[in-house]
Amino acid sequence: MLVRLIYASHTQDAISGKLIDDILAQSQTRNPANGITGLLCYSQNTFVQVLEGGRAEVNKLFQLLAQDKRHQDVTLLKYEEITERRYANWAMARVALDKLNMSLLLRYSDQARLDPFSVSGESTARLLEALAEAGALCSRD
Ligand SMILES: Cc1cc2nc3c(=O)[nH]c(=O)nc-3n(C[C@H](O)[C@H](O)[C@H](O)COP(=O)(O)O)c2cc1C
């Protein structure tokens with residue numbers, strides 16, 4: 001049984017390159033063994049992450065994530081059972097939103113700023129899909 005979970009969180013300070021490197025190193029080491037794929041999108045002090053995989057594995061990771069002191073306000077945006085993965089090629093892809101064409105953001109939100117806390121989970125899911133289609137994903141710098 002495959003599921004896809006999307007959540008958002010905040011960090012206390014602006015997200016640094018080191019924080020991203022640490023998280024991606026951890027994710028790209030651990031996720032393949034747990035059958036997890038997905039995408040980590042960030043801007044300023046906000047994260048949005050998509051986790052795909054088996055229900056038990058995704059739920060377990062979400063519980064670990066919710067206790068991780070490197071971010072706060074961990075908020076579930078969307079949870080669904082799926083028949084196929086969208087990010088199958090990515091142990092954990094990264095997207096730095098600030099470097100991208102802001103018009104994509106405007107398509108799904110009332111301002112050109114990543115604020116998953118004020119739009120619907122569906123809008124955020126669509127934004128992430130549009131980013132993937134625009135070829136904005138990468139693994140690590
Ligand atoms: C924004 C964010 C995203 C994360 N993504 C993942 C991930 O995709 N996979 C993973 O194994 N750990 C991820 N982590 C790290 C986990 O929160 C946790 O530290 C890790 O699973 C190790 O937990 P443990 O050493 O207590 O078993 C992420 C942490 C943060 C702050």
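From a predicted model like this one, the values you see are computed outputs, not experimental measurements.

K.L.:
I would appreciate a short explanation of the site of the ligand in the present structure.
P.N.:
With respect to spatial proximity, 15 residues lie near the ligand, and among them Ser 27, Arg 30, Asn 31, Gln 49 and Asp 68 are the closest. Between the ligand and Gln 26, the relevant distance is 3.3 Å, taken from an oxygen atom to a side-chain nitrogen or oxygen of the residue. A distance of 2.6 Å is found between an oxygen atom of the ligand and a side-chain nitrogen or oxygen belonging to Asp 68. Sorting the residues of the shell around the ligand by element identifies helix 1 (17-34), strand 3 (46-54) and helix 2 (55-66) as the ones contributing at least two each. Broken down by element, the shell around the ligand gets its largest block of residues, five residues, from helix 1. Of the residues in the shell around the ligand, the class split is seven nonpolar, five polar and three charged.

K.L.:
Could you clarify how one ought to interpret the side chain of Ser 27 in this entry?
P.N.:
With respect to the helices and strands, the residue Ser 27 is situated in helix 1. With residues up to four places along the chain from it excluded, the contact list for Ser 27 reads Pro 32 and Met 92.

K.L.:
Just to check I follow, could you spell out the packing of aromatic side chains for this structure?
P.N.:
Geometry of an aromatic ring pair is reported as the spacing of the ring centres plus the angle between the planes. All chains considered together, the criterion is met by one aromatic pair. Relative to Phe 62, the ring of Tyr 7 lies with its centre 5.7 Å away and its plane at 50 degrees, an arrangement referred to as tilted. With a gap of 55 residues between them, Tyr 7 in strand 1 (residues 2-10) and Phe 62 in helix 2 connect regions that are remote in the sequence. The same class applies to Tyr 7 and to Phe 62, which are both buried.

K.L.:
Help me out: how do you make sense of the sheet that holds strand 5 (residues 93-96) in this one?
P.N.:
In space, the five strands of this open sheet follow the order 4-1-3-2-5, with mixed pairing throughout. Each edge of the sheet is formed by a strand with only one pairing partner; in this case those strands are strand 4 (72-82) and strand 5. On average, adjacent strands in this sheet sit at an angle of 15 degrees to one another, irrespective of strand direction. Both strand 1 and strand 4 contribute to a ladder of eight bridges, which runs antiparallel. Counterpart to His 10 in the pairing with strand 4 is Gln 72. Packed onto the sheet, helix 2 meets strand 1, strand 3 and strand 4 and runs at close to 155 degrees relative to strand 3.

K.L.:
Help me understand helix 1 in this model?
P.N.:
Given 3.6 residues to a turn, an α-helix orients residues that are three or four positions apart in the same direction. Here helix 1 spans 25 Å end to end across 18 residues, near enough to the 26 Å set by a 1.5 Å rise per residue. Where helix 1 bends most, at Gln 28, the angle is about 25 degrees, and the proline Pro 32 comes one to four residues later. Every buried residue of helix 1 is listed here: Leu 19, Ile 20, Ile 23, Leu 24, Ser 27, Gln 28 and Asn 31. Looking at the buried positions of helix 1, the neighbouring elements they touch are strand 2 (37-43), strand 3, helix 2 and strand 5. Remark: Gly 35 follows helix 1 within two positions and exhibits a positive phi of approximately 65 degrees.

K.L.:
Would you take a moment to explain the pattern of salt bridges for this structure?
P.N.:
Side-chain pairs of opposite charge can arise whenever the charged atoms involved come near each other. Tallying each qualifying case throughout the model produces ten salt bridges. One salt bridge in this structure joins Glu 80 and Lys 78, with 3.5 Å as the shortest N-O distance. Taking the shortest distance from any N to any O, the salt bridge between Glu 129 and Arg 86 comes out at 2.7 Å. Here Glu 129 is found in helix 4 (residues 121-133), whereas its partner Arg 86 is found in the loop between strand 4 and strand 5, with 43 residues between them in sequence. Salt bridges here are not isolated pairs; linked through shared partners, they connect Arg 4, Glu 52, Lys 78, Glu 80, Glu 122 and Arg 126.

How each quantity is defined
Residues numbered from 1 in each chain as written. Predicted model: local features only at pLDDT ≥ 70, side-chain atom pairs only at ≥ 80, totals over all residues. Heavy atoms only, no water. Near = heavy atom within 4 Å. Polar contact = N/O pair within 3.5 Å; in protein donor to acceptor, adjacent residues only side chain to side chain. Helix = DSSP H or I, 4+ residues; strand = E, 2+ residues; numbered from the N terminus. Nonpolar A, V, L, I, M, F, W, Y, C, P; charged D, E, K, R; others polar. Contact = heavy atoms within 4.5 Å. Phe/Tyr/Trp six-rings, centres within 6.5 Å; stacked < 30°, edge-to-face > 60°. Buried < 20%, exposed > 50% of the residue type's maximum accessible area, 1.4 Å probe, protein only. Pairing = 2+ DSSP bridges. Axes fitted to C-alpha atoms, helices over the stretch in contact; angles between N-to-C directions. Expected span 1.5 Å × (residues − 1). Bend = angle between axes of the 7 residues up to and from the residue. Salt bridge = Lys/Arg side-chain N within 4 Å of Asp/Glu carboxyl O.

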